[in-house]
Amino acid sequence: MSDAYYEKALIRAAEYRKKPAPLILGIESSCDETAAAVVRAGREVVSASVHTQIPIHRLYGGVVPEIASRSHTERITGVVRDALEKAGVTLADIDAVAVTYRPGLIGALLVGVSYAKGLAFAAEKPFIGVDHITGHIAANYITYPELTPPFMCIVASGGHSHIVKVKGYTEFELIGRTRDDAAGEAFDKVARAMGLPYPGGPELEKLAKGGDPDAFRLHTAFNEGEGFDFSFSGLKTAVVNILHNAGQKGEEINKADLAASFQRAVTDALTIKSVRAAREAGLTTLALAGGVSANTALRERLQRECDKYGVRFCRPDMKYCTDNAAMIACQGHYEIMSREPDELSLDPNAASFLQMQQ
Ligand code: KG4
Ligand code: ZN
């Protein structure tokens, strides 16, 4: 049964590549956002729909995987329908279906992947699995229509902190990575220790706005030296210890100063290593990707460092920084342009293929 489907999918994929303005439906459900988007010719976002579960998980101080899967199941039909309606199209008008199949919470991924498979099978459309990290990188193509590989990319999200050499649209080389916590994870954990709600990154950024980044002497490990790896766990522990010691002594601590000092240590590490990686590779463009790319202090710090060395700096529009489906559709387009579609036996995977390169 599935073979007849796949033969049709191959024909439709060949047709996709020939069309001047093919439409691709993207679906994202890897963590706590249920999202769908319709993208034309790889870079033009025709419609986007997102249901965020943040208010639900905020009650627990972090993402509860079982609740996330359940909410995706409840919402996915409505979110996909909304994206199609906003685009003024039906499933029949869509030329391919792309979905995040790795990395992420396995139960959450399963919802999107199963749904996308069902749509692709029923409508006889090519089905394409996309790695979420490559999707984050592709968010830059939406903001910069003329951006083409090669370029260096610093990916900083809740689960990953990678320096990636983007050699082609579907060709990536891992240059550096975190040895422990991801940058976003460190933001979330430090914010939680300060009593801020989930997700901590944006809350900590707000708090840091009124603070003095020189107030506390904080830094990350591996700052010096030749390598491109990061470590954020020691920094997180240092902040938690400062809070703890002050609490034990009954001392008042200026949390805005502490937030600003922490934020500067993270943004310094991400900036210095990624700009150096671009320069040493002889690349003239550095892009930023992942949820932490919404951090204004990081965007400004990277812009300044890039200006210093004559490197072009790219970062996604705010709405495409955190999880969304337009970026998945965008990367899905480039996948289908360069390889055959996936079979419906494709399984979701909790790990990124970039983690496999380590
Ligand atoms: O990419 P994303 O939406 O989900 C994952 O793929 O992980 O990233 C979410 C992460 C969270 O850790 C969140 O706290 C962080 O990105 N984040 C921020 C900001 N906005 C989101 N971190 C620092 N400053 C922000 N403004
Ligand atoms: Zn993400």
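Scroll up to find the structure this text is about.
What counts, and at which threshold
- Residues numbered from 1 in each chain as written.
- Chains lettered and ligands numbered in written order.
- Predicted model: local features only at pLDDT ≥ 70, side-chain atom pairs only at ≥ 80, totals over all residues.
- Heavy atoms only, no water.
- Near = heavy atom within 4 Å.
- Polar contact = N/O pair within 3.5 Å; in protein donor to acceptor, adjacent residues only side chain to side chain.
- Areas by Shrake-Rupley, 256 points an atom, 1.4 Å probe, with all protein chains shown as cover.
- 1 Å grid on protein atoms, 1.4 Å probe; cavity = no way out; pocket = protein on both sides within 12 Å on 5 of 7 lines; lining within 4 Å.
- Sits in = over half its atoms within 2 Å of the grid points.
- Helix = DSSP H or I, 4+ residues; strand = E, 2+ residues; numbered from the N terminus.
- Nonpolar A, V, L, I, M, F, W, Y, C, P; charged D, E, K, R; others polar.
- Donors = N, O, S within 2.8 Å, 3.2 Å for Na, K, Ca; no water.
- Buried < 20%, exposed > 50% of the residue type's maximum accessible area, 1.4 Å probe, protein only.
- Expected span 1.5 Å × (residues − 1).
- Points joined across faces, edges and corners; volume = space filled by probe spheres on them.

A. Representation of the site of ligand 1. Surrounding ligand 1, one finds 18 residues, the nearest of these being H136, G158, D188, E205 and G291. Between ligand 1 and E205, the relevant distance is 2.7 Å, taken from a nitrogen atom to a side-chain nitrogen or oxygen of the residue. Here a nitrogen atom of ligand 1 sits 3.0 Å away from a polar atom, N or O, in the side chain of N295. The protein chains hide 89% of the 550 Å² of surface that ligand 1 would expose on its own. When atoms are counted within 2 Å of each cavity's grid points, the one that captures over half of ligand 1 is the largest pocket. Contributing elements (two or more residues each) for the shell around ligand 1: α5 (132-143), α6 (183-193) and α7 (200-208). Split by residue class, the shell around ligand 1 holds four nonpolar, 11 polar and three charged.

B. View of the coordination of the zinc ion (ligand 2). With distances of 2.0 to 2.1 Å, the protein atoms coordinating the zinc ion (ligand 2) are H132 (NE2), H136 (NE2) and D323 (OD). A relative accessible area of 15% means that D323 is categorised as buried.

C. Summary view of helix α11 (residues 326-338). Compared with the 18 Å implied by 1.5 Å per residue over 13 residues, the 19 Å span of α11 between its first and last C-alpha is a close match. The element α11 is largely enclosed, with a buried count of 11 among its 13 residues. For α11, the set of buried residues is A326, M327, I328, A329, C330, Q331, G332, H333, Y334, E335 and I336.

D. Structural view of the layout of surface pockets. What the largest pocket holds in volume is close to 1000 Å³. Lining the largest pocket are 42 residues, and of these S157, G158, G159, D188 and Y198 sit closest to its centre. For the lining of the largest pocket, the elements supplying multiple residues, two or more each, are α2 (54-58), α5, α6 and α7. Looking at the lining of the largest pocket residue by residue, the classes come out as 16 nonpolar, 15 polar and 11 charged. In this structure, the second largest pocket encloses a volume near 210 Å³. A class-by-class count of the residues in the lining of the second largest pocket yields four nonpolar, four polar and four charged.

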